[in-house]
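Chain by chain, the residues:
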Amino acid sequence: QVSQELVDAFLAGKVNLLAEPSAELMALSNPYDPVARSGISVLWDHVYYNGHYYSYYGVTPVLLFFLPMHLLSGRYVFDAYGVLLFSLVGATALAFAYERLLKAFFPGKPLPLFLELAVYWILFFASGVLTTLTRPYFYEDATSSAFMCMMLALLNLAYSGFFDQDKNKLHWWSLGFASFWLALAVLSRATMALYALAFVAMLVIYHLRHRERLAKKDKILLYCV
């Protein structure tokens, strides 16, 4: 669905998939009744609504990788290449974000090297990258894309000065890009919306903690991102 069906649908200017449901399925008064549609051919793991098939997988991996690659090469790219790219970029962003956050939280007392590396390896193995790489199907396209976008959001958030203890001025471009990548993460997998809510809560808490030193313009920008 991610590497071919959605690509074809977008190129045709549609949001529904190009595959047509059978006449028997469309004739049913309740096509969602498994007993009623017994023996009728249906596409597995697709959404059927008002006479069309849809995909419930996120569009971010399609827009960032599979559609551009198809336009460049004229071929459909294997899911595993998308999973590999998203995982590598996500793991790299995680490493840089982690290093920057250590400087923000421990500005005067760096952690011992062995402890720093041990914590990073815990984060890396807990991220699920190795799991998606060993099972690179279209479901993992969405998962690895969401991971990459979340790590890029965290990277920008870390470099925005949001967590710095010396209370330097926020870098609004970095904070804006954090919001942008977070939105793409939600468009990869809808469950990432929980992290988006957490991000909004963090902005509100930041405002409450620093409202005395924040100018009116900064307060507006804080919620615009």
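For the structure, see preceding data.
What counts and how
- Residues numbered from 1 in each chain as written.
- Predicted model: local features only at pLDDT ≥ 70, side-chain atom pairs only at ≥ 80, totals over all residues.
- Heavy atoms only, no water.
- Helix = DSSP H or I, 4+ residues; strand = E, 2+ residues; numbered from the N terminus.
- Rg over C-alpha atoms; globule rule 2.2 N^0.38 Å.
- Buried < 20%, exposed > 50% of the residue type's maximum accessible area, 1.4 Å probe, protein only.
- Contact = heavy atoms within 4.5 Å.
- Areas by Shrake-Rupley, 256 points an atom, 1.4 Å probe, with all protein chains shown as cover.
- Patch = residues over 30% accessible without salt bridge, like charges linked within 9 Å, V, L, I, M, F, W, Y side chains within 5 Å.
- Salt bridge = Lys/Arg side-chain N within 4 Å of Asp/Glu carboxyl O.
- Polar contact = N/O pair within 3.5 Å; in protein donor to acceptor, adjacent residues only side chain to side chain.

(A) Seen up close, the overall build of the protein chain. When helices and strands are counted, the protein chain shows 10 helices and 2 strands. Along the protein chain, helices (α) and strands (β) appear in the sequence α-α-β-β-α-α-α-α-α-α-α-α when read from the amino end. In terms of overall size, the protein chain is more extended than a compact globule, its C-alpha atoms giving a radius of gyration of 22 Å where 225 residues would be expected to give roughly 17 Å. Across its three principal axes, the protein chain shows a C-alpha extent of roughly 70 × 40 × 40 Å. When each of the 225 residues of the protein chain is scored for burial, the buried share is 41%. Restricting to contacts in the protein chain with at least 6 residues of sequence separation, those with at least 24 account for 65%. Entry remark: accessible area of the protein chain is about 13300 Å², with carbon and sulfur atoms responsible for 67%.

(B) Highlighting a nonpolar patch on the surface. Nonpolar side chains collect at one region of the surface, where L84, L88, L113, L117, W121, F125, L130 and L133 lie side by side and expose about 790 Å² of accessible area between them. Secondary structure elements with two or more residues in the nonpolar patch: α4 (79–105), α5 (113–126) and α6 (129–134). Counting residues per element, the nonpolar patch draws most heavily on α5, at 4 residues. Relative to the assigned elements, L133 resides in helix α6. The exposure class of L133 is partly exposed, given its relative accessible area of 34%.

(C) Main features of the side chain of S55. For S55, the location among the structural elements is in the loop between β2 (52–54) and α3 (60–73). At 2.7 Å, the side chain of S55 and the side chain of Q1 are in polar contact. Within the local environment of S55, its side chain forms a polar contact with the backbone nitrogen of Y57, the two atoms lying 3.2 Å apart. With residues up to four places along the chain from it excluded, the contact list for S55 reads Q1, L6 and L17.

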